[in-house]
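Listed below, chain by chain, are the residues.
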Amino acid sequence: MEKNIISLRNVSVTYGDETVLKNINLDIRDKEFVTFLGPSGCGKTTTLRIIGGFLTPDTGTVTFEDTQINNVPPYKRNINTVFQKYALFPHLNVYENIAFGLKLKKFKKDEIHKRVSDMLRLVNLTGYEKRNIAQLSGGQQQRVAIARALVNHPKVLLLDEPLGALDLKLRKEMQRELKKIQQQLEITFIYVTHDQEEALTMSDTVIVMNNGNIQQIGTPVDIYNEPVNAFVADFIGESNIMNGIMVRDRLVNIFGHDFECVDTGFGENNPVDVVIRPEDIRLISPDDAKLCGKVTSVIFKGVHYEMTIVSDDFTWLVHSTKAAEVNSVVGMEFDPYDIQIMNKMEEDK
Amino acid sequence: MKKLTSAPYLLWMAIFVVVPLFMVAYFAFTDQSGAFTLENIIKTGQYTPIFVKSIAFAAISTAICLLLAYPLSYILSTMKVSYQGTMLLIIMLPMWMNFLLRTYAWQTLLGNNGIINNLLGVIGIGPFKLLNTNGAVILGMVYDYIPFMILPLYTVMAKIDKSIIEAAEDLGCSRIQSIIKITVPLSIPGIISGITMVFVPAISTFIISKMLGGSSNLLIGDLIEMQFLGNSYNPNLGAGIAFVLMIIILIVMAVINLIDKSDSDDKVLM
């Protein structure tokens, strides 16, 4: 396990009377690909700007390799940023953009040339040295922005929704490339996105944020399979979220039926949120099932069919490779470990 | 369709720009009887010292305007957006008053018995000769024309994406370095239009030099005015001087634009 490179302790930010970040605590390990995931306005970009040095938190401390860096300006941090709209210098060409940081650090000319050429090769832009920024496509500008940051060999690279402006195909391609670059160069990447699929695909660790709070920190698998609350479950992937009563450890009551589950420690007869992923539900004959419902729609999605099934006034979302007839009555079952129990969310504000 | 809608403007330009230009040229190359002559242009040569002085005054004023306006515009563009409008209003406020009135105000301020000399008298120095000096003329030009420098500079700087400045700082620029390496090159179009908007009126001004520089402090503007309204009535010579002045301004502008072009390719048109 690598040691922590960046730590935030009790970090809060307030704009006027609006609290943007509430008491954030987190550790980022060296060489890790970390993603801040959340809806717009959740505080993810603010957190990134604090790490980059563009914003000083009102309270709390930011440490970089065990040194407090709250008041260290961006240019003195061993961190570089890929900005949301690339922020390339329009008066400089591709080569000059990438060489910008090295020239400031007074590198020798041939060292600059070598490093810039290496970077251009890394981002597949060899031969574009003399191009004007305005002549490049969005994807190419994106690559220049990445090269311009990475050429300085930072310890940490910050990426603020860097793929937001690209079309789906290009985005997927760049996701793979970014992940490859990160593994190749062994640099810590801190990535901000609102796209849950992007977060799950690329990250070692996902930090889910909402309303200026961290909701959950975990691996993509943990976040998907074991969401800690209804917000995370709802934001990551599709899910059926319903009210339940935790009868006792390993037994939950949903819609009047007791189901075995694997969760413990939620007390006895406590109201909880229950999540069941649509792909974990099997359709069976109504005679064998505790839960029955009427199929209200069937949509073909390629790999699977997406069905909605109404039972006890609750609409279930079910993914299955076999389609049921619309208006037919079906039974549903799921395995104990597919039931995820979560505490009811405390009111955030 | 496009041709049709542009017709009124073309007509306007023809009547109020092209025709007057030809008239100036016509007068410049004819004598009082209307016969062709180069005498007016040749005669202009005897006013060379005044031309030199006018160009020097305009250049000095433009330079001072640029030096004063650049930091101000920069600070303005980095302010909170809500303050920017108020600050801009305060800067523009004096312009709402009549130009003549403001120049008169300087006359009373700078005079031997003016407020400045009176105040200096209180602490026991002076009076100094402030009015009717070259300094007073340049002061008047800077004061009157500086808003024309601030506006284009501010407009260009306010349009520079803040994240570009942040990117520069991220890559190792201190605040000063980011100004030199990013803000200045990106504000060149503003510098060019600012210089144009100050230099052109400054080189042909006549009221400021007359009111603050005294009767002996003649500039080209005064010279031209004298040919049309003064005792030495000679519109042909006046047109001749104006024509030469126009050529000088055109050359200066062409040189400035050339510097601009060599600097970068994507241009904001003035």
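Everything below is about the structure shown above.
Participant: What's the story with the interface of chain B and chain A in this structure? I'm lost.
Facilitator: A common way to report how large an interface is uses the accessible area buried once the components associate. Contact with chain B, which involves 19 residues of that partner, is made by 22 residues of chain A. Each partner contributes to the roughly 1,800 Å² buried at the junction of chain B and chain A, and carbon and sulfur atoms together form 64% of this total. Where chain B packs against chain A, one counts one salt bridge. One salt bridge connects Arg49(A) with Glu166(B), and the closest N-O pair in it is separated by 2.7 Å. At the junction of chain B with chain A, the criterion picks out six residue pairs in polar contact (both at pLDDT 80 or more). Taken together, the elements giving at least two residues each to the side of chain B that touches chain A come down to α8 (162–170) and α9 (175–186) of chain B. Of all the elements, α8(B) adds the most residues to the side of chain B that touches chain A, at seven residues. Considered class by class, the residues forming the side of chain B that touches chain A number eight nonpolar, four polar and seven charged.

Participant: I keep staring at the sheet that holds strand β16 (residues 291–300) of chain A and nothing clicks. Help me out?
Facilitator: Adjacent strands of a sheet pair through backbone hydrogen bonds, lying either parallel or antiparallel. Residue and element names in this part refer to chain A. Taken together, five strands build an open sheet; the order of strands is β15-β19-β16-β17-β18 and the sheet is antiparallel. With partners counted over all chains shown, the strands left at the sheet margins are β15 (282–284) and β18 (314–320), one partner each. Neighbour-to-neighbour, the strand axes of this sheet turn through a mean angle of 45°, independent of strand direction. Taken together, the four bridges between β16 and strand β19 (residues 329–333) define a ladder with antiparallel strand orientation. Opposite Cys292, over in β19, you have Gly331 as the bridge partner.

Participant: Whenever I open this one, the packing of aromatic side chains confuses me. Can you help?
Facilitator: Each aromatic ring pair is summarised here by two numbers: the centre-to-centre distance and the angle between the ring planes. All names here are of chain A. This structure, assessed with the given rule, holds 17 aromatic pairs over all chains. Taking 5.8 Å as the distance between ring centres and 55° as the angle between the ring planes, the aromatic pair formed by Phe54 and Phe83 counts as tilted. Of this pair, Phe54 sits in the loop between α1 (44–52) and β4 (59–64) while Phe83 sits in the loop between β6 (79–82) and α2 (94–104), and the two are 29 residues apart along the sequence. As far as the burial class goes, Phe54 and Phe83 line up, both buried. Pairing Phe300 with Tyr305 gives two aromatic rings, centres 5.3 Å apart and planes at 55°, and the pair type is tilted. Exposure remark for Phe300: the relative accessible area of 54% places this residue in the exposed category. Tyr305 sits in the partly exposed class, given a relative accessible area of 25%. In textbook terms, an aromatic cluster arises when at least three aromatic residues are bridged by ring pairs, as seen for Phe255, Phe259, Phe314, Trp316 and Phe334. Above the face of the Tyr224 ring, Arg277 is positioned so that its terminal group lies 4.1 Å from the ring centre. Its guanidinium or amino end placed over the ring of Phe259, Lys290 lies 4.9 Å from that ring's centre, counting from NZ or CZ.

Rules used throughout
Residues numbered from 1 in each chain as written. Chains lettered and ligands numbered in written order. Predicted model: local features only at pLDDT ≥ 70, side-chain atom pairs only at ≥ 80, totals over all residues. Heavy atoms only, no water. Contact = heavy atoms within 4.5 Å. Buried area = accessible area lost by both parts, 1.4 Å probe. Salt bridge = Lys/Arg side-chain N within 4 Å of Asp/Glu carboxyl O. Polar contact = N/O pair within 3.5 Å; in protein donor to acceptor, adjacent residues only side chain to side chain. Helix = DSSP H or I, 4+ residues; strand = E, 2+ residues; numbered from the N terminus. Nonpolar A, V, L, I, M, F, W, Y, C, P; charged D, E, K, R; others polar. Pairing = 2+ DSSP bridges. Axes fitted to C-alpha atoms, helices over the stretch in contact; angles between N-to-C directions. Phe/Tyr/Trp six-rings, centres within 6.5 Å; stacked < 30°, edge-to-face > 60°. Buried < 20%, exposed > 50% of the residue type's maximum accessible area, 1.4 Å probe, protein only. Lys NZ or Arg CZ within 6 Å of the ring centre and 35° of its normal.

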